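# Structural overview for review
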Amino acid sequence: MRERFWEALSLVTLAVLLGLGVNQWRGLPLSPVQPFVPRYSAPVLTLAQVREYWGKVPFLDAREHSEYSLGHIPGALCLPASRLHLPEQAWDAIDRNLTLVVYCDGPNCGASNLVASAAMTAGFKSVYLFPGGWPAWKAARLPVHVGPDPGKAEK
Amino acid sequence: MRSLCVRLVLAGIWLVAAQGKLLEPVQMAQSISNYRLLPDWLIPLLALSLPWLELVLGASLLLGGLTGGAAALTAGLGVGFAGAMGSALARGLDIECGCFGRGGHVSVGGLILDLSLVGLGALLWNWGPGPWSLDARWAPAQSDSAHKQ
């Protein structure tokens, strides 16, 4: 028993040394001492998963109204990250028990990260990001909708 | 012979699990972070070590060296993985698993695989490394006595 404990400890030590050593040798792609900051503020979905969710749960488009009007995932609500601070953006219109899918203009667009964080702060427990976003949806030739968000048509 | 079979199956699982992740620590950290179970300061260390531990375990089981320790770690990691995946499933999280490189998602099948690691690890713990192993070659007397423990 005691011997196996030392064997296990040796294996773990070897693995940690290898992991840290290779990381150092590769020029620290991941700092072992800095707390990890996730690139995405919520779990991410692939296009295939997003298609499963589509039509079943609310989708939030985090781009600006102008971009949204030029084309968006049908049924998505327009909630630009730049308007998150406005009181009118109360989340109460959406049932907090529902899963939310947030997207914007591709993997490097930060707006969906902000909106997803705000949704989780507002009490939504199940929030997902679709990093592929609008470009991936469009490239897959899935249905699109053009025009302003009906709820905010006059804005 | 039965020890050898279990060792080869487990070594295969660990080596396949390790190969897609060894040089992708950032992706691994993101996968771990998606589970929302561990503090942020612990995630990099785990993301850097875990794939290498899988590789080390695979090599150890393949060659039959330090088999007792590897069996214990296999069962222990199986418990840990099953706990993480079970909690993700219970919370309804639809996240990337981080099990075998990119693509796979948390699933009941993954949970069963994790639990089979626990079972096979425990069997190997009981059976010892068997005759075709470095352990038996280095210390034949000890591998015999492993059955009597």
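Please refer to the structure higher up on the page.
First, a word on what this report is: a plain description of the structure on this page. (Residues numbered from 1 in each chain as written. Chains lettered and ligands numbered in written order. Predicted model: local features only at pLDDT ≥ 70, side-chain atom pairs only at ≥ 80, totals over all residues. Heavy atoms only, no water.)

## Some points on the state of the cysteines
To keep it simple, the criterion reads: Any cysteine sulfur atom paired with another within 2.5 Å is treated as part of a disulfide. Only protein chains enter the area calculation, which uses a 1.4 Å probe; residues under 20% of their type maximum are buried, those over 50% are exposed, and those in between are partly exposed.
Summed over all chains, the structure comprises two disulfides over all chains. In this model Cys104(A) forms its disulfide with Cys109(A); the gap between the sulfur atoms is 1.9 Å. The S-S bond linking Cys104(A) to Cys109(A) shows a torsion near -135°; that makes this disulfide left-handed. Residue Cys104(A) shares its accessibility class with Cys109(A), and that shared class is buried. The disulfide partner of Cys97(B) is Cys99(B), and the gap between their sulfur atoms is 1.4 Å. You'll find Cys97(B) and Cys99(B) in the same group, each marked buried. Of the cysteine sulfurs around Cys78(A), a residue in no disulfide, the closest is that of Cys104(A), at 12 Å. Overall, Cys78(A) belongs to the buried group, its relative accessible area being 1%.

## Observations concerning the packing of aromatic side chains
Rules: Here the aromatic set is Phe, Tyr and Trp, taking the six-membered ring for Trp, and pairing holds for ring centres within 6.5 Å; pairs whose planes are under 30 degrees apart are stacked, those over 60 apart are edge-to-face, and all others are tilted. Helix and strand labels come from DSSP, where a helix needs a run of H or I of at least four residues and a strand needs a run of E of at least two; each type is numbered from the N terminus. Our definition puts a charge over a ring when NZ of Lys or CZ of Arg is within 6 Å of the ring centre and also within 35 degrees of the ring normal.
A full pass over the atoms with the stated rule returns five aromatic pairs over all chains. Between Tyr53(A) and Tyr128(A), the ring centres sit 5.7 Å apart and the planes meet at 35°, which makes this aromatic pair tilted. Separated by 75 residues along the polypeptide, Tyr53(A) in helix H2 (residues 47-53) and Tyr128(A) in strand S4 (residues 127-129) bring together distant segments of the chain. When the ring of Trp14(B) is compared with that of Phe81(B), the centres are 6.3 Å apart and the planes differ by 75°; the resulting orientation is edge-to-face. Taken together, the positions of Trp14(B) in helix H1 (residues 2-19) and Phe81(B) in helix H4 (residues 67-90) put the pair 67 residues apart, joining distant regions of the chain. By relative accessible area, Trp14(B) is classed as buried at 1%. On the accessibility criterion, Phe81(B) (23% relative accessible area) is partly exposed. When the ring centre of Trp125(B) is taken as origin, the NZ or CZ atom of Arg4(A), which lies over that ring, is 4.2 Å away.

## Overview of the sheet that holds strand S1 (residues 59-61) of chain A
Residues and elements named next belong to chain A. Using the following cut-off: At least two bridges found by DSSP between two strands is the condition for calling them paired.
One open sheet holds the four strands; their spatial order is S2-S1-S3-S4, and the pairing between them is parallel. The sheet is open, and its two edges are formed by strand S2 (77-78) and S4, each paired on a single side. As defined by bridge partners, S1 adjoins S2 across two bridges and the pair is classed as parallel. Paired with Asp61 across the bridge in S2 is Cys78.

## Structural notes on the interface of chain A and chain B
It is common to give the size of an interface as the accessible area lost on bringing the parts into contact. As a reminder, the rule being used: Between two residues, a contact is recorded if the distance between any of their heavy atoms is within 4.5 Å. Computed with a 1.4 Å rolling probe, the buried area is the accessible surface lost when two parts are put together, summed over both parts. By definition, a salt bridge exists where a carboxyl oxygen of Asp or Glu is found within 4 Å of a side-chain nitrogen of Lys or Arg.
Each partner contributes residues to the interface: chain A has 37 residues there, and chain B has 36 residues. Taken over both partners, the interface formed by chain A and chain B buries close to 3,000 Å², and the fraction arising from carbon and sulfur atoms is 66%. Ranking the residues of chain A by area buried against chain B places Arg4(A), Leu11(A) and Phe36(A) at the top, with a combined share of 26%. Joining chain A to chain B, the criterion identifies zero salt bridges.

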